[in-house]
Amino acid sequence: MQIGNIKVRVTAVALAVFLFFMVLIAVYILATGDVSVLIWSVPAAVMLLIIPLALNYMSQSQYASLVPVYEAEARTTRIREINLNMLGEPVRVKGVVERVYFQFLNRPQYLVADRTGEISVKMFTSPAEDVEKGDVVEVLGVIVKRYILSGDAVINCVSIRKVDKNQQS
């Protein structure tokens, strides 16, 4: 679903939960014949879709508002140069997507590589466009630790977008 220029998605998990509860409602009605349950159960089940959609829209619009700030402040960085001393610094990385994880949860994680190395790129909302393995992308984000107290440097992604393969450097 598209709202303005923001692509809003329902995760497979949210859709499965909705369908599960709709089946439970149908089984209950068929077993008992009590249709009065529809007054509260159908709106409640629909909210199982509306709430995740609203949260996805809000997080995407927040990320979209951060993109101009990161475009202005982020410096283009080779992956090999990224380390824990750069925590909190905005960066721009160009590379090829080697792997995509957790896309079905609207919290995708990418393994992006350039000629100098590879890095994990975590996004806490669905991206504006679909990014697949093999795509050449530009990532805007900030350097964070993989885990709160320890771990290697990863990019907390604000924007990931496909670029022309000739633009990769």
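Bear in mind that the values here come from a model prediction, so they are computed numbers and not experimental data.

Time to look at the overall build of the protein. The secondary structure content of the protein amounts to two helices and eight strands. Ordered by position in the sequence, the α and β elements of the protein form the string β-β-α-α-β-β-β-β-β-β. For 169 residues, the compact-globule estimate of 2.2 N^0.38 gives 15 Å, and the C-alpha radius of gyration of the protein, at 20 Å, exceeds that figure by more than 25%. Dimensions of the protein, computed from C-alpha atoms along their principal axes, come out at roughly 65 × 35 × 25 Å. The 169 residues of the protein split such that 37% are buried.

Summarising burial for strand S8 (residues 153-162): seven of the 10 residues are buried, a large majority. Pairing geometry for strand S6 (residues 117-122) and S8, over two bridges, is parallel. By the bridge assignment for S8, Val-121 is matched with Ile-155. Bridge analysis of strand S7 (residues 136-145) against S8 gives nine bridges, and the strand direction is antiparallel. Residue pairing in the sheet places Lys-145 in a bridge with Ala-153 of S8.

Its 36 residues place the ends of helix H2 (residues 38-73) 53 Å apart at the C-alpha level, agreeing with the 52 Å of an ideal helix rising 1.5 Å per residue. In H2, a bend of some 30 degrees at Val-67 exceeds every other bend along the element, and Pro-68, a proline, comes one to four places later. Of all the residues in H2, the buried ones are Ser-41, Ala-45, Leu-49, Leu-53, Asn-56, Ser-59, Gln-60, Tyr-63, Val-67 and Tyr-70.

On to the nonpolar core, then. In terms of nonpolar packing, the biggest core is built from 26 residues, with Ile-82, Val-121, Val-139, Ile-155 and Ile-160 touching the most fellow members. Of all the elements in the fold, those that place two or more residues in this core are H2, strand S4 (90-101), strand S5 (109-114), S6, S7 and S8. Among the nonpolar cores identified, the runner-up in size contains six residues, and Phe-18, Ile-25, Val-37 and Ala-45 belong to it.

It is worth spelling out the packing of aromatic side chains at this point. Taken as a whole and assessed by the stated rule, the structure comprises one aromatic pair. Both rings, one in Phe-20 and one in Phe-21, keep their centres 5.4 Å apart while their planes meet at 80 degrees; by these two values the pair is edge-to-face. Among the residues examined, Phe-20 registers a relative accessible area of 47% and is labelled partly exposed.

Moving on to the pairing of S6. Along a regular strand, successive side chains alternate from one face of the sheet to the other. Judged from the six bridges that link them, S5 and S6 form a sheet pairing that is antiparallel. From the neighbouring strand, Ala-113 faces S6, where its bridge partner is Glu-118. Joining the antiparallel neighbours S5 and S6 is a turn of two residues.

Before going further, it helps to spend a moment on the environment of Val-35. You can see Val-35 is positioned in the loop between helix H1 (12-32) and H2. As for Val-35 and Ile-25, which are separated by 10 residues in sequence, their C-alpha atoms are 9.5 Å apart.

Further remarks concern the packing of H1 against H2. Interhelical geometry of H1 versus H2 gives an angle of 175 degrees and a closest axis separation of 9 Å. With respect to H2, the axis of H1 lies roughly antiparallel. Contacts from Ala-14, Leu-15, Val-17, Phe-18, Phe-21, Met-22, Ile-25 and Ile-29 of H1 reach H2 at Leu-38, Ser-41, Val-42, Ala-45, Val-46, Leu-48, Leu-49 and Pro-52. Its residues assigned to classes, the contact of H1 with H2 shows 15 nonpolar, one polar and no charged.

It is worth spelling out H1 at this point. A rise of 1.5 Å per residue sets the reference length of H1, with its 21 residues, at 30 Å; its end C-alpha atoms lie 30 Å apart and thus fit the reference within 8%. Buried residues of H1: Ala-14, Phe-18, Ile-25 and Ile-29, and no others. Looking straight down H1, one finds its buried side chains confined to an arc of 45 degrees; they lie on one side. Structural note: H1 exposes Val-23, Leu-30 and Ala-31 on the side pointing more than 90 degrees away from its buried face. For H1, the secondary structure elements touched by its buried residues are H2.

Calculation criteria
- Residues numbered from 1 in each chain as written.
- Predicted model: local features only at pLDDT ≥ 70, side-chain atom pairs only at ≥ 80, totals over all residues.
- Heavy atoms only, no water.
- Helix = DSSP H or I, 4+ residues; strand = E, 2+ residues; numbered from the N terminus.
- Rg over C-alpha atoms; globule rule 2.2 N^0.38 Å.
- Buried < 20%, exposed > 50% of the residue type's maximum accessible area, 1.4 Å probe, protein only.
- Pairing = 2+ DSSP bridges.
- Expected span 1.5 Å × (residues − 1).
- Bend = angle between axes of the 7 residues up to and from the residue.
- Core = buried A, V, L, I, M, F, W, Y, C linked by side-chain atoms within 4.5 Å.
- Phe/Tyr/Trp six-rings, centres within 6.5 Å; stacked < 30°, edge-to-face > 60°.
- Axes fitted to C-alpha atoms, helices over the stretch in contact; angles between N-to-C directions.
- Parallel < 35°, antiparallel > 145°, perpendicular 65-115°, else oblique.
- Contact = heavy atoms within 4.5 Å.
- Nonpolar A, V, L, I, M, F, W, Y, C, P; charged D, E, K, R; others polar.
- Arc of directions from axis to C-beta.

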